[in-house]
Amino acid sequence: MSAEKHMWWKEAVIYQIYPRSFSDSNGDGIGDLNGITSRLDYLEKLGIDVIWLSPVYQSPNDDNGYDISDYRDIMTEFGTMEDFDRMLAEAHKHHIKIVMDLVVNHTSDEHRWFVESRKSKDNPYRDYYIWKDPKDGREPTNWESCFSGSAWKYDETTGQYYLHCFSPKQPDLNWENPKVRDEVFDMMNWWCEKGIDGFRMDVISMISKEQSYPDGPLKDDGIYGDMFPYVCNGPRVHEFLQEMNRRVLSKYDIMTVGEAAGVTLEEAKKYANEEGTELGMVFHFEHTDGASEGRNVIGKWNYQPPRMPHIRQILNKWQTGLEGKAWGSLYWDNHDQPRVVSRFGNDAPQWRVLSAKMLATVLHMMKGTPYVYQGEEFGMTNMHFASVEDCNDIEAVNAYNQYVVEQKIVDEETMLKCFDAVSRDNARTPMQWDDSENAGFTSGKPWFTVNPNYKEINAAAALKDPDSIFYYYQKLISLRHSNPIIVYGQFRPLLEDSESVYAYERTLDGRTLTVAANWTEQEAACDLFDGLAGEEIISNYKEHKTGVLQPYEARVVLH
Ligand code: TEU
Ligand code: CA
């Protein structure tokens, strides 16, 4: 028996949809809810259990929906509440649950709460947000926002600054104010009563700020300070989440996952504790935002390819560290990360399929709940950005303006090389459904550039090919549903000194699952399977060699 309690969401596989780029049903070039409904048969065939829906609420789209102006209405471009209700009902008929993206660290500056709050210092909504007087005639702290520039914006009307950890159109809510917590919990209960199946909680680790608001340590550019020590994992964050759990989460059989910027292993054990007093699980970022060792350019912007031993050390630390204490999430990419086969694998035509299957094996045989990002299941790749005009993402455009145009500390060619490697736009190119115009995503003009490789890389081609990445993901998902050892088996690292092979084993009730994967395009020494009597449950090769793993070869044997 495993140390962890058995829960449905621990045995599930989650599929993330970025609605804007998933499927357009009405020809306006923008993905929408009816488009999602039309693709449920495809998702049921893949075998996933849950859809995590990136935000679909009313929003001016300064940050593509992560700036919400009305939590109880659907973004006009995505459809209506009736469309949502139909999608929810159809998903449930397809045995698929729907988890909403809850963005409550901040709202849009067009939310009525902020429109009121900024009117005057004595407005009843003033303390829904974080307002501070100037300090020595300037911003209250030296903090840099996640989207470049100061994290404070001056408001002429009342002569104060407000905090925005992201864009100036995303003012941070003041969670110290019990009225804010009442509003948020009421809204969450409203969605739960509609029958949704859980929440992914956007930057939930940032809702409690250090109330002394100190300056942060200077960052690479020597101008702004790092706010993370004072906005991540703050003094009351667990208190707020335990209150959320009591007033909302504990009343429903739902799944929760916290996107926990800045989370450490020790903090994760609190957020996702097995007693269930806060959240079900969290996302950490050590293997993604921290994928490349050292800094190649500045901040997150680098193009250094990650090394497997660095990634293995991180993932093994989390696998062994959470064991029996808290549940983890497993992901390679999402709407904020570059495409997994380009970043961690090899998207050259001769290696793309093999390396994508290898990476999927490494992740899906681990302990935790796996997440599949739209298009990952058939190996969509990064894009090439020839100029900043090709970019849509506010994070990239602002970084270009700050580092290339204003501060001139990075040249344009280097910045674009970083965009090709790690820009969030890589994940936001339209879903490649088939080889027809615009990859079958829309009959109109797509809101964003379709990756030119859609002619070869698309879902229709994958469905026709029994050896495609799609059917490999389908098998991995099916194996997780039918083998408790994959869900609850204890994790133990193997071959920890290998430069090329990532290996580990899982044990449960006297049985062992041995997993090994060669991360390189050369043969690599590995004798784990030599003479091993057992059942090979999955591999990306049909023939094997003694003593070695072939290029990008992955093998899993149950014995
Ligand atoms: O992301 C929070 C966050 O930390 C990311 O901005 C991450 O640091 C960065 O993208 C790494 O490159 C969440 C959402 O996932 C993101 O899409 C939003 O832009 C952000 O919060 C603000 O809501
Ligand atoms: Ca549309």
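Rules of the game
- Residues numbered from 1 in each chain as written.
- Chains lettered and ligands numbered in written order.
- Predicted model: local features only at pLDDT ≥ 70, side-chain atom pairs only at ≥ 80, totals over all residues.
- Heavy atoms only, no water.
- Helix = DSSP H or I, 4+ residues; strand = E, 2+ residues; numbered from the N terminus.
- Rg over C-alpha atoms; globule rule 2.2 N^0.38 Å.
- Contact = heavy atoms within 4.5 Å.
- Areas by Shrake-Rupley, 256 points an atom, 1.4 Å probe, with all protein chains shown as cover.
- Pairing = 2+ DSSP bridges.
- Axes fitted to C-alpha atoms, helices over the stretch in contact; angles between N-to-C directions.
- Parallel < 35°, antiparallel > 145°, perpendicular 65-115°, else oblique.
- Left-handed = near helix turned anticlockwise from the far one by under 90°.
- Nonpolar A, V, L, I, M, F, W, Y, C, P; charged D, E, K, R; others polar.
- Donors = N, O, S within 2.8 Å, 3.2 Å for Na, K, Ca; no water.
- Buried < 20%, exposed > 50% of the residue type's maximum accessible area, 1.4 Å probe, protein only.
- Near = heavy atom within 4 Å.
- Polar contact = N/O pair within 3.5 Å; in protein donor to acceptor, adjacent residues only side chain to side chain.
- Expected span 1.5 Å × (residues − 1).
- Arc of directions from axis to C-beta.
- Patch = residues over 30% accessible without salt bridge, like charges linked within 9 Å, V, L, I, M, F, W, Y side chains within 5 Å.
- Salt bridge = Lys/Arg side-chain N within 4 Å of Asp/Glu carboxyl O.
- Lys, Arg positive; Asp, Glu negative; His and termini not counted.
- Charge placed at Lys NZ, Arg CZ, Asp CG, Glu CD.

Colleague: Describe the overall build of the protein, and please don't skip the residues or the numbers.
Modeller: Across its full length, the protein holds 16 helices and 20 strands. Scaling as 2.2 N^0.38, a compact globule of 559 residues should have a C-alpha radius of gyration of about 24 Å, and the protein matches this with 23 Å. The principal-axis extent of the C-alpha atoms belonging to the protein is close to 75 × 50 × 50 Å. In the protein, once contacts between residues fewer than 6 apart in sequence are set aside, the share between residues at least 24 apart is 71%. As presented, the protein carries roughly 20300 Å² of accessible surface, and 48% of it is formed by carbon and sulfur atoms.

Colleague: Describe in detail the sheet that holds strand β11 (residues 281-283), supporting the description with residues and values.
Modeller: In sheet architecture, strand pairing relies on hydrogen bonds along the backbone and comes in two forms, parallel and antiparallel. Pairing is parallel in the open sheet, where eight strands are placed in the order β11-β10-β9-β5-β2-β1-β13-β12. Of all strands in the sheet, those bounded by a partner on one side alone are β11 and β12 (329-330). Sheet strands touched by helix α5 (residues 178-193): β5 (97-102) and β9 (198-201). Its angle to β9, the strand with the most contacts, is close to 140°.

Colleague: Could you give an account of the packing of helix α11 (residues 352-364) against helix α15 (residues 469-482), with specific residues and numbers?
Modeller: As a packed pair, α11 and α15 sit with axes 10 Å apart at the nearest point and diverge in direction by 15°. Classified by the interaxial angle, the pair formed by α11 and α15 is roughly parallel. In the packing of α11 onto α15, the handedness of the crossing is right-handed. Residues Arg-352, Val-353, Ala-356, Lys-357, Ala-360, Thr-361 and His-364 of α11 form the contact with α15, whose participating residues are Ile-469, Tyr-472, Tyr-473, Leu-476 and Arg-480. Here the residues of the contact of α11 with α15 are counted per class, giving seven nonpolar, two polar and three charged.

Colleague: Which residues make up the coordination of the calcium ion (ligand 2), and what values do they have?
Modeller: The coordination sphere of the calcium ion (ligand 2), as far as protein atoms go, consists of Asp-24 (OD), Asn-26 (OD1), Asp-28 (OD), Ile-30 (O) and Asp-32 (OD), spread over 2.2 to 2.4 Å. Counting gaps between the donor residues of the calcium ion (ligand 2) yields the pattern D-x1-N-x1-D-x1-I-x1-D. Taken individually, Asp-24 and Ile-30 each receive the classification buried, so the pair is uniform in this respect.

Colleague: Break down the site of ligand 1 for me, with residues and values.
Modeller: Neighbouring residues of ligand 1: 17 residues in total, closest Asp-63, Asp-202, Lys-300, Asp-336 and Arg-424. Between ligand 1 and the protein, one listed contact pairs an oxygen atom with a side-chain N or O atom of Asp-336 at 2.4 Å. Note that an oxygen atom of ligand 1 is positioned 2.9 Å from one of the side-chain N or O atoms of Arg-424. When ligand 1 sits alone it has 490 Å² of accessible area, and the protein chains cover 97% of it. Here the shell around ligand 1 is composed, by residue class, of four nonpolar, three polar and 10 charged.

Colleague: Please provide a residue-by-residue account of the side chain of Glu-505, values included.
Modeller: Position of Glu-505 among the secondary structure elements: in strand β15 (residues 501-508). A distance of 2.8 Å separates a polar atom in the side chain of Glu-505 from a polar atom in the side chain of Arg-492. If sequence neighbours within four positions are ignored, Glu-505 has contacts with Gln-490, Phe-491, Arg-492, Leu-494, Thr-512, Leu-513 and Thr-514.

Colleague: Give me the lowdown on helix α3 (residues 81-93), citing residues and values where you can.
Modeller: Between its first and last C-alpha, α3 extends 18 Å over 13 residues, near the 18 Å set by a 1.5 Å rise per residue. Considered for burial, the residues of α3 that qualify are Met-81, Asp-83, Phe-84, Met-87, Leu-88 and Ala-91. Looking down the long axis of α3, one finds its buried residues gathered within 155° of arc, a one-sided arrangement. Summarising the geometry of α3, the exposed residues directed more than 90 degrees from the buried face are Glu-82 and Lys-93. Contact partners of the buried residues in α3: α1 (33-37), α2 (40-46), β2 (50-53), β4 (70-74), β5 and α5. Two residues or fewer past α3, His-95 is found with a positive phi of approximately 60°.

Colleague: Which residues make up a negative patch on the surface, and what are the values?
Modeller: A cluster of acidic residues, Glu-389, Asp-411, Glu-412 and Glu-413, forms a negative patch on the protein surface. Note that Glu-413 resides in helix α13 (residues 412-422).

Colleague: How would you summarise the pattern of salt bridges if you had to cite specific residues and measurements?
Modeller: Tallying each qualifying case throughout the model produces 38 salt bridges. Note that Glu-499 is salt-bridged to Arg-307, the shortest N-O span being 3.7 Å. You can see Glu-499 sitting in the loop between β14 (490-494) and β15 and its partner Arg-307 sitting in the loop between β11 and α9 (308-322), a full 192 residues away along the chain. Counted as one network, the salt bridges with shared partners bring together Asp-63, Lys-300, Asp-336, Asp-393, Glu-395, Arg-424 and Arg-428.

Colleague: Tell me about the sheet that holds strand β20 (residues 554-558), residues and numbers included.
Modeller: Taken in spatial order, the five strands of this open sheet run β14-β15-β16-β20-β18, and their pairing is antiparallel. Every interior strand has two partners, whereas the edge strands, β14 and β18 (535-539), have only one. Strand after strand, the sheet turns through a mean of 20° between neighbouring axes, direction not considered. The pairing of β14 with β15 spans five bridges and is antiparallel. Bridge pairing links Pro-493 to Tyr-504 in β15. The sheet contacts of α15 involve β18 and β20, and relative to β18 the element is tilted by about 140°.

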